[in-house]
Amino acid sequence: MSNQPNTATGCPFTGELPSDPAELAALMSTVPATHATDAPPAPGIEAPVADWVTIEDLVRDPFPIYRRMREEAPVHWVPAVNRYMVTSYAACHEIEQDEATYSADERNSLMKRSMGHSMLRKDNPKHQVDRDAYGATLRPGTIKKHWNAIFEANNERYLGELLAKGPGSDFVWDYAAPYTGENLRMVMGFKNATQQDLQRWSQTLIDGTGNYADDPEVWATAAASSDEVDTAVDEMLSHYVGNPDHSLLSGLASMPIPLEAIRANIKMTIGGGLNEPRDVLATTVWALLNNPEQLAAVKAEPRLHSVAFEESVRWVAPIGMYPRETTRDTVLGGVALPKGARLGVVLGAANRDPDVFEDPEAFNIFRPKKAHLGFGGGVHFCAGTWIARAQVAQVAMPSVFEKLPHLRLDPSSETTDAGWVFRGMTRMPVLWG
Amino acid sequence: MPTVTFVQSTGESIEVAVAEGTSLMRAAVTNGIDGIVGECGGQAMCATCHVFVRPEYAGALPPVSDDEDEMLDCTTSERTEASRLGCQVKVSAELPSIVVDVPADQV
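Residues numbered from 1 in each chain as written. Chains lettered and ligands numbered in written order. Predicted model: local features only at pLDDT ≥ 70, side-chain atom pairs only at ≥ 80, totals over all residues. Heavy atoms only, no water.

A. Main features of the overall build of chain A. Along chain A, the regular secondary structure elements total 16 helices and eleven strands. Expected size for 433 residues packed as a compact globule is a radius of gyration near 22 Å; at 21 Å, chain A falls within 12% of this value. The C-alpha extent of chain A, read off along each of the three principal axes, is 60 × 60 × 55 Å. With 433 residues in all, chain A has 56% of them scored as buried. When the 39 positive and 55 negative side-chain charges of chain A are each reduced to one mean point, those points stand 2 Å apart. (Helix = DSSP H or I, 4+ residues; strand = E, 2+ residues; numbered from the N terminus. Rg over C-alpha atoms; globule rule 2.2 N^0.38 Å. Buried < 20%, exposed > 50% of the residue type's maximum accessible area, 1.4 Å probe, protein only. Lys, Arg positive; Asp, Glu negative; His and termini not counted. Charge placed at Lys NZ, Arg CZ, Asp CG, Glu CD.)

Structure representation (structure tokens):
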């Protein structure tokens, strides 16, 4: 076997790897994750009922809840959210690898109601038709050739605005949100909207997707945004017919995809394409600011930016839970599930499973690398994974720590994180002088 | 049935029999082969099913597509001339057996 390395091109996100194997090994040891599960006992036990779980507690801090649930059983019936919650790594991984038993096309889906029927709630072969329509826009080659330069320009602008606003301004709302919003606006090709529109659309549509409390005001606001997005999409599809570029909407303008599918997929992308990179950027910086030794290591070794990014996605998965529905009676992790059971696949819990990750509650960029489930798995693996890695780990993080070498949390002001379906920093005042 | 032999960096060798048309990634994931993750389920989007194909089998393989090529630039273990994404290589009547080496690092 030829082992001559091909050094003509490197990954645009992680840079060239060290050529010395000892150096590489010293930088990061790698141990494969263990996915094996014991054969479940037939017919399976009845799911324990977690009637002590409240939505309020989940929003504030879900991790102690997940720990208690995982210690008891990998699957619970949770009355407060009206579904089974799956909290072990093995059981979540089993669901991701078996789309025949665990359908993404759930009934009475909050996401379908908020955003329309997007590819995220379709099973194959229907899912694949929509996904293929997204083409090359989000792939590493296009990012390297086209988007990275745009992300760098946007980063300079919005980091500049944070600096101009002065110490005490909010890292999330004065920088991470407008930066990722503007990146998303350009990747999607919304020439007829602002990054503020994208932020508003994203938040209100996502609030609908996570509206487990069934708040009518949340539904009304989501519906208004949905109408606005439809109008903007229709206008841009007409524009791009004669004026193609690299954007998603431009690519979709020439595809034989029904308009309803385009509209739904675009809304799903507005949701996932903004909140997730915004939240990972803020969470990763927050975690590093709280762990000075790790921050020093990242500053000394730029290749660790991508390691810190992945550890952050493991530690606080920005999409903490997604739904599935069983297509038949089955047994998952020893727990019996009837056909039609509505599940919550809790990535935020799976990624802290002590059976897979040592000392899982700690943020530790030096832990042995293992496959986390933060980007999902199987055919619904996040299509924006490489876009997120590029704009956060490759562009934003190095720039933030270079231009603000004394960046720190403002001790005189509260920092908060919140959420469980989606989780991230909601308030993060910073100082840098 | 076609067979796929996965050789780990430790030297351990595991042969599995799979149906025609099965990708190397699916063969590995279904049979619990360590070191093949297959995060994206075959979309050529994650580069976690990287394998090194032994040269005597390379001639029977379909060429590397543009999508596969750009993902092979993003593998954790360094890319070589023998590198392929397991999800893009399927066993068939034309390729009834294949031996591949599993990289030491996959994520």
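B. Geometry of the overall build of chain B. Check the secondary structure of chain B and you find three helices and five strands. Whereas a compact globule of 107 residues would reach a radius of gyration of roughly 13 Å, chain B reaches 12 Å, a difference of no more than 12%. For chain B, the spread of C-alpha atoms along the three principal axes comes to 30 × 30 × 25 Å. Burial statistics for chain B: of 107 residues in total, 62% are counted as buried. Relative to all contacts within chain B whose residues are 6 or more apart in sequence, the contacts with residues 24 or more apart total 62%. (Contact = heavy atoms within 4.5 Å.)

C. Broad picture of the sheet that holds strand S2 (residues 13-17) of chain B. Residues and elements named next belong to chain B. Pairing is mixed across the open sheet formed by five strands, whose spatial order is S2-S1-S5-S3-S4. The two strands at the open ends of the sheet, each matched to only one other strand, are S2 and strand S4 (83-85). With direction set aside, neighbouring strand axes in the sheet form an average angle of 35°. In this sheet, strand S5 (residues 97-101) lies alongside strand S1 (residues 3-7) in parallel orientation, the contact comprising five bridges. In the strand pairing of S5, Val4 is matched with Ile98. (Pairing = 2+ DSSP bridges. Axes fitted to C-alpha atoms, helices over the stretch in contact; angles between N-to-C directions.)

D. Highlighting the pairing of S5 of chain B. Residue and element names in this part refer to chain B. Here S5 lies mainly inside the structure; four of its five residues are buried. Pairing between strand S3 (residues 50-53) and S5: two bridges, direction antiparallel. Each bridged residue has a counterpart across the sheet, and for Phe52 the counterpart in S5 is Asp101.

E. Examining the pairing of S1 of chain B more closely. Residue and element names in this part refer to chain B. Within S1, five of the five residues are buried, leaving the element largely enclosed by the surrounding structure. Side-chain alternation along S1 places Thr3, Thr5 and Val7 on one buried face and Val4 and Phe6 on a second face that is also buried. Two strands pair when backbone bridges link them, and S1 and S2 are joined in this way by five bridges, in the antiparallel orientation. Directly across from Thr3, in S2, lies its bridge partner Ala17.

F. The arrangement of the sheet that holds strand S3 (residues 102-103) of chain A in detail. Residue and element names in this part refer to chain A. The five strands lie next to each other as S1-S2-S7-S4-S3, forming an open sheet whose pairing is mixed. Two strands in the sheet have a free side with no partner beyond their single neighbour: strand S1 (75-78) and S3. Across three bridges, the pairing between strand S2 (residues 83-86) and strand S7 (residues 342-345) is parallel. Bridge assignment links Met85 to a residue of S7, and that residue is Gly344.

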